[in-house]
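The lines below spell out each chain.
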Amino acid sequence: MKYHVNEKGYYGEFGGAFIPEMLYPNVEELRQKYLEIMYEDSFQKEFHQLLKDYVGRPSPLYFAKRLSEKHGCKIYLKREDLNHTGAHKVNNTIGQILMAKKLGKTRIIAETGAGQHGVATATVCALMGMECIVYMGEIDIARQAPNVARMKMLGATVRPALSGSRTLKDATNEAIRDWINNPVDTHYIIGSAIGPHPYPDMVTRFQSIISEEIKWQLKEKEGRENPDYVVACIGGGSNAAGTYYHFLDEKEVGIIAVEAAGKGVDSGESAATSALGKIGIIHGCKTMLMQTPDGQITEPYSISAGLDYPGVGPMHSHLYQTARAEFYSATDDEAMTAGLELSQLEGIIPAIESGHAFAIFQHKTFKPDDVVVMSLSGRGDKDLNTYIDYFKLA
Amino acid sequence: MTNRINDKMQENKKLLSIYFTAGYPSINDTVQIIQDLENSGVDMIEIGLPFSDPLADGPTIQESSTAALKNGMTTETLFEQLKDIRKSVTIPLIIMGYFNPVLQYGVEAFCKKCEEIGIDGLILPDLPLDVYEAEYKSIFKKNGLINVFLITPQTSDERIQQIDEASDGFIYMVSSASVTGSKEGFGNEQTAYFERIAAMNLKNPQVVGFGIKDSETFQTATKNAKGAIIGSAFIKHLTKEGVNAIPEFIQTIY
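Procedures and definitions
- Residues numbered from 1 in each chain as written.
- Chains lettered and ligands numbered in written order.
- Predicted model: local features only at pLDDT ≥ 70, side-chain atom pairs only at ≥ 80, totals over all residues.
- Heavy atoms only, no water.
- Helix = DSSP H or I, 4+ residues; strand = E, 2+ residues; numbered from the N terminus.
- Buried < 20%, exposed > 50% of the residue type's maximum accessible area, 1.4 Å probe, protein only.
- Contact = heavy atoms within 4.5 Å.
- Areas by Shrake-Rupley, 256 points an atom, 1.4 Å probe, with all protein chains shown as cover.
- Lys, Arg positive; Asp, Glu negative; His and termini not counted.
- Charge placed at Lys NZ, Arg CZ, Asp CG, Glu CD.
- Pairing = 2+ DSSP bridges.
- Axes fitted to C-alpha atoms, helices over the stretch in contact; angles between N-to-C directions.
- Disulfide = S-S within 2.5 Å.
- Buried area = accessible area lost by both parts, 1.4 Å probe.
- Salt bridge = Lys/Arg side-chain N within 4 Å of Asp/Glu carboxyl O.
- Polar contact = N/O pair within 3.5 Å; in protein donor to acceptor, adjacent residues only side chain to side chain.
- Nonpolar A, V, L, I, M, F, W, Y, C, P; charged D, E, K, R; others polar.

This paragraph deals with the overall build of chain A. Along chain A, the regular secondary structure elements total 16 helices and 14 strands. Expressed along its principal axes, the backbone C-alpha trace of chain A runs to roughly 55 × 45 × 40 Å. The buried share of chain A, reckoned over its 394 residues, is 66%. Pairs at least 24 apart in sequence give 74% of the contacts found in chain A among residues at least 6 apart. Total accessible area on chain A is roughly 13400 Å²; 52% of this is exposed by carbon and sulfur atoms. Between the centroid of the 40 positive side chains of chain A and the centroid of its 49 negative side chains there is a distance of 2 Å.

Structure (C-alpha cells):
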C-alpha cells in the first residue's frame, strides 16, 4: 500500500484538483514547479536556515514524566507550541513564502480558522515585505480576538468571511474567490493539508520537518527512531500530516488521529469528519467531508476554531479508508479536560486543538512500555478566553 | 435528434442566455421563470442548481443560492419541477452547478434524468477537463448531453485548443479575472482578449459570461462572440422587481 501522493495528485481515490478553470493556470504552474523549486539546494538552505534561526527549530521532543505516570505509558511531546508564533503553522508558511518569491508573486492571501495560520502567514509576509490579506470567518474573529490583533500588528489586512457558517470553510471560499479575482500577482498560502493538488502534498512536505526531527530525537532518547504510536489532532490535518509523514511506511508505528466531536458525534454539532463524512468535493479536492445527502456541505461545529472544518485532507481520508490510521474523536468537554490536565501535570497550556489529541488517553489505553509521541501542535495563549469561560477561571 | 444547443448556434443572430438560481426567489418559481424567459425572446437558459459553497460566484449568486437552499431546493425537487418543461419550452436548457451535488446524486443517474427531462447540456465549473474525459465523457454522450468548458483571459492558447477539441457545443468565455457579478463594464483588456480569441478561429462558437449586465456590455461582448450570458444582473432584477417583471428586463438588453 502506498500512502504518499501519486504522480496524478491522488492518495488512493482521494485528492486531485477539482478547480474552476479560473484557478487552473496558477495551480498548474505550482504543480509543475513545486517539487523542483522545493528541492533546489538554495531553497532548502534558506528554508532550513529560517526554520533554525527564525522559528527556533528543532522543536524539543520532551519526555512528559508526570503525564506518562498518569496514563501508564511513555509519552513524549513534540513541542510545536514552542515555535515562533506558537504553533506548527509557521513551518508551512516559511516554505510557501519562499515558494511564492520563486514564482514571482508579490501579494499573499490566506484563510485562517483559529488565527494561527493567519498569524504565521502575516509573520512571514512581514519578514519578506509582502502584502498580506487574511480571510477569517466572522465567528472566528470574535472568538480569537488576540490573533486578529496580532495579524493587524504584523501589517496584514484581516477580511471577515460573512457567508455560511462564518468559520474556516467560508474563509477558505473567500480566499479562493480572491485568488480568482487576482490571478497574476497573488499566491494563496493554504494552511492545511487540503485544497487542489499539489497543495496537500506541498503543505505536508513542509510540515514533514516534524516527523523528520522526531526520528532523530527519539533515537537519542530511546535508542530507536520509531515510536509505537504517533498521535495528532485533525481538522484539515496539517500538523497530523507532518507528524505522520516519515512514519507512513513504518508498519510498526501506529498512527492515531483525533477529530473534534464537538458536542458529541451524533449531536448535530460536530466536526468529526471520518465518522460523519462521505466522499465528495470540497475546496478543490476529493476527500471525506460532512454533507447532506444532496451534496450540500454541512456547517461543522467545534469549540476549537482550528478544527471547525467539515472536511479532512485527502491523505487522511486515505489513511482512514485503508485503516492505516486509527481515527478517534474527542468532544469539547474531553478536549478541555485534557488541556487542563496537561496544564496541571506538565505546566504546559495547550491550544484547544492540541487538547483534542491529548483526549486520546480518555479513549485508548496504552501498554506500559509503549512509546507514544504526541503532536503538541500549538500553545493555548490564544484560547485563554475560551478556557476562562469554560472553567470559570475569572 | 441533434442537440438543441447545436441547432441554436446555427442561428444567424447574437444569442442571449440567462442564468438564474433554481429555487429563488421562491422555490416554485422555476417553471414560470423559464417560460417567461423563452416568451421574452431569450435564446438559451442556464438553470443554476444551488450549492452551499459556490466558490466561483460573487455575492449575488451566493446569496440567491443560500436563499434557494433555505427555501428547500434540492436536486430531486428541481428534476420534479422540470419534469414537463419540454411540453412548453423549446429553447436549449442547461443545468449549471458545482460538481459535488451531481457526484452525490450519481453522475450516471443525474445525466439520465437530464436526458429524460430534455436538458441539453451541463456546466460544472469544478469538474476538470481531464477528469471529465477519463471518467464521465461516455456517460454524457450516452445521454446526449453537451458539457460546456470555461476559458479565461489567463488560459493559455495551448489549453484553449485542448478545450476546443473537447467541446462540442460552445465555449464559455469568462470575460475577465473575476468571480461572477463583480466587474464594472469592459475595458481595453477585455476587448483585446475577445479579439485574441476570435482570431484563433476555434471550431466551437464562444459565449461570453461574467460581467454582462446591460445592453452595452452585451453589445461589446457579442461583437466577436456568438452570444453572452447574464446572471447576477438578472438575479438582482428578480430580487428587486419580482418574477413577474422578466420581460421588462430582457427588453432592456435587446
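Before going further, it helps to spend a moment on the sheet that holds strand E10 (residues 254–262) of chain A. Residue and element names in this part refer to chain A. Ordered by their spatial adjacency, six strands build an open sheet running E3-E4-E14-E9-E10-E13, and the pairing between neighbours is mixed. Pairing within the sheet leaves two strands with one partner each, and these edge strands are strand E3 (61–63) and strand E13 (325–331). For this sheet, the mean angle separating the axes of adjacent strands, direction not counted, is 25°. Sheet topology places E10 next to E13; seven bridges connect them, and they run parallel. Across the sheet, the residue bridging to Ala257 is Phe327, located in E13. Each of E3, strand E4 (74–79), E10, E13 and strand E14 (371–376) is contacted by helix H14 (residues 332–346), which is oriented at about 95° to E13, the strand it contacts most.

All names here are of chain A. Across all of its chains, the model carries zero disulfides over all chains by this definition. Free of any disulfide, Cys233 has its nearest neighbouring cysteine sulfur in Cys73, separated by 18 Å. The thiol of Cys285 is not disulfide-bonded; the next cysteine sulfur, from Cys233, is found 18 Å away.

Further remarks concern the interface of chain A and chain B. Every contact between the two is made by 33 residues of chain A and, on the other side, 38 residues of chain B. Buried surface at the junction of chain A and chain B, summed over both partners, amounts to about 2700 Å²; 54% is from carbon and sulfur atoms. Lys169 of chain A is paired through a salt bridge with Asp53 of chain B; the nearest N and O atoms lie 2.8 Å apart. At the boundary of chain A and chain B, one finds 18 residue pairs in polar contact (both at pLDDT 80 or more). Only helix H1 (24–38), helix H8 (168–181), strand E11 (278–282) and strand E12 (285–289) of chain A provide two or more residues apiece to the side of chain A that touches chain B. With eight residues, H8 of chain A is the largest single contributor of residues to the side of chain A that touches chain B. Here the side of chain A that touches chain B is built from residues that sort into 17 nonpolar, eight polar and eight charged.

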